[in-house]
Amino acid sequence: MLGPRLYSPFDETMWKSIAEGGMRIQRCDECSTYRYPPGACCPNCLSIDFGWEPISGNAKVLSWITYHKQYLPAYPAPTTIVAAMLDEGEILITNIDASETDKLSVDCAVRVVYGDHPDGYKIPRFTLATQTS
Ligand SMILES: [Zn+2]
């Protein structure tokens, strides 16, 4: 277990929202562009003014990769990492349960869920979005 979590100057609100099970990302006050990962200014209009908006949690898969070798203690092999575009237009890269790997396809729907990281904090993860729910 690591010591107290250290934040960058811009991501504390995001990590706290993840810990509460409702991820928020920055949204520009001037032009309404969402931005992720958190940063100092809007990539669209360069405004430094922003608020925090909850994400819908819905995303479409862009790509994925499965590691068959363990590189980090928290991620035993096989580990599948997915890049997906959130409804808000930002790309989130995180893992998905390895048992869902065979069901992935480009543009398939996934949603964000919140899992426990072994180092003692929550992380956003993907799971397949079921059509029946
Ligand atoms: Zn902007």
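Everything that follows concerns the structure shown earlier in this document.
Engineer: Before we go on, may I ask you to explain the pairing of strand β6 (residues 91–96) in this structure?
Structural biologist: Strand direction decides the pairing type here: strand β5 (residues 79–86) and β6, joined by six bridges, are antiparallel. Among the inter-strand pairings, Ile81 is bridged to a residue of β6, identified as Asn95. The loop that links β5 with its antiparallel partner β6 comprises four residues; one of these, Gly89, has a positive phi angle of about 95 degrees.

Engineer: It is not clear to me how the side chain of Asn95 should be interpreted in this structure. Could you clarify?
Structural biologist: Within the secondary structure layout, Asn95 lies in strand β6. Within the structure, Asn95 has its side chain in polar contact with the side chain of Arg125 (distance 3.0 Å). Setting aside anything within four residues of it in sequence, one finds Asn95 in contact with Tyr75, Thr80, Ile81, Ile123, Arg125 and Phe126.

Engineer: Can you help me understand the packing of aromatic side chains in this one?
Structural biologist: Aromatic rings considered in pairs are described by the distance between their centres and by the relative angle of their planes. On inspection of all chains with the given rule, the structure shows three aromatic pairs. For the pair Phe50 and Trp52, a centre-to-centre distance of 5.7 Å together with 85 degrees between the ring planes defines the contact as edge-to-face. Among the residues examined, Phe50 registers a relative accessible area of 27% and is labelled partly exposed. The interplanar angle of 80 degrees and the centroid separation of 5.8 Å between the aromatic rings of Tyr67 and Tyr71 together place this pair among those described as edge-to-face. For Tyr67, a relative accessible area of 35% translates into the label partly exposed.

Engineer: Where do I start with the nonpolar core in this structure?
Structural biologist: In terms of nonpolar packing, the biggest core is built from 21 residues, with Met23, Val82, Ile96, Leu104, Val110 and Phe126 touching the most fellow members. Those elements giving two or more residues to this core turn out to be α1 (12–19), β4 (58–67), β5, β6, β7 (109–116) and β8 (122–128). Beyond its immediate chain neighbours, meaning those up to four positions away, Val82 contacts Val61, Ser63, Trp64, Leu92, Ile93, Thr94, Ile96, Leu104 and Phe126.

Engineer: Which parts of the structure should I look at to understand α1?
Structural biologist: In an α-helix, one full turn covers 3.6 residues, which means residues spaced three or four apart are oriented alike. Burial in α1 covers these residues: Met14, Trp15, Ser17 and Ile18. Looking straight down α1, one finds that the buried residues subtend no more than 160 degrees of arc, so they occupy a single side. In this structure, the buried side of α1 is in contact with β1 (24–28), β3 (50–54), β7 and β8. Immediately downstream of α1, the backbone of Gly21 shows phi near 85 degrees, a positive value.

Engineer: Looking at this structure, I do not really get the coordination of the zinc ion. What am I missing?
Structural biologist: When a metal holds four donors in a tetrahedron, each ideal angle between them is 109.5 degrees; when it holds six in an octahedron, the ideal angles are 90 or 180 degrees. Around the zinc ion, the protein contributes the donor atoms Cys28 (SG), Cys31 (SG), Cys42 (SG) and Cys45 (SG), which lie 2.2 to 2.4 Å from the metal centre. With four donor atoms in place around the zinc ion and angles of 101 to 117 degrees between them, the coordination shape is tetrahedral. Between consecutive donor residues of the zinc ion, the sequence gaps follow C-x2-C-x10-C-x2-C. For Cys45, a relative accessible area of 33% corresponds to the partly exposed category.

Engineer: Is there a simple way to think about unusual backbone geometry in this case?
Structural biologist: Only a minority of non-glycine residues have a phi that is not negative, and only a minority of peptide bonds are not trans. The amide bond that connects Tyr36 to the next residue, Pro37, takes the cis arrangement and shows omega of 0 degrees. Here Pro37 shows up in the loop between β2 (34–35) and β3. Across the junction of Ala77 and Pro78, the peptide omega takes the value -5 degrees, indicating a cis bond. Along the chain, Pro78 falls in the loop between β4 and β5.

Parameters and conventions
Residues numbered from 1 in each chain as written. Predicted model: local features only at pLDDT ≥ 70, side-chain atom pairs only at ≥ 80, totals over all residues. Heavy atoms only, no water. Pairing = 2+ DSSP bridges. Helix = DSSP H or I, 4+ residues; strand = E, 2+ residues; numbered from the N terminus. Polar contact = N/O pair within 3.5 Å; in protein donor to acceptor, adjacent residues only side chain to side chain. Contact = heavy atoms within 4.5 Å. Phe/Tyr/Trp six-rings, centres within 6.5 Å; stacked < 30°, edge-to-face > 60°. Buried < 20%, exposed > 50% of the residue type's maximum accessible area, 1.4 Å probe, protein only. Core = buried A, V, L, I, M, F, W, Y, C linked by side-chain atoms within 4.5 Å. Arc of directions from axis to C-beta. Donors = N, O, S within 2.8 Å, 3.2 Å for Na, K, Ca; no water. Tetrahedral: all angles 85-135°; square planar, octahedral: opposite > 155°, others 65-115°.

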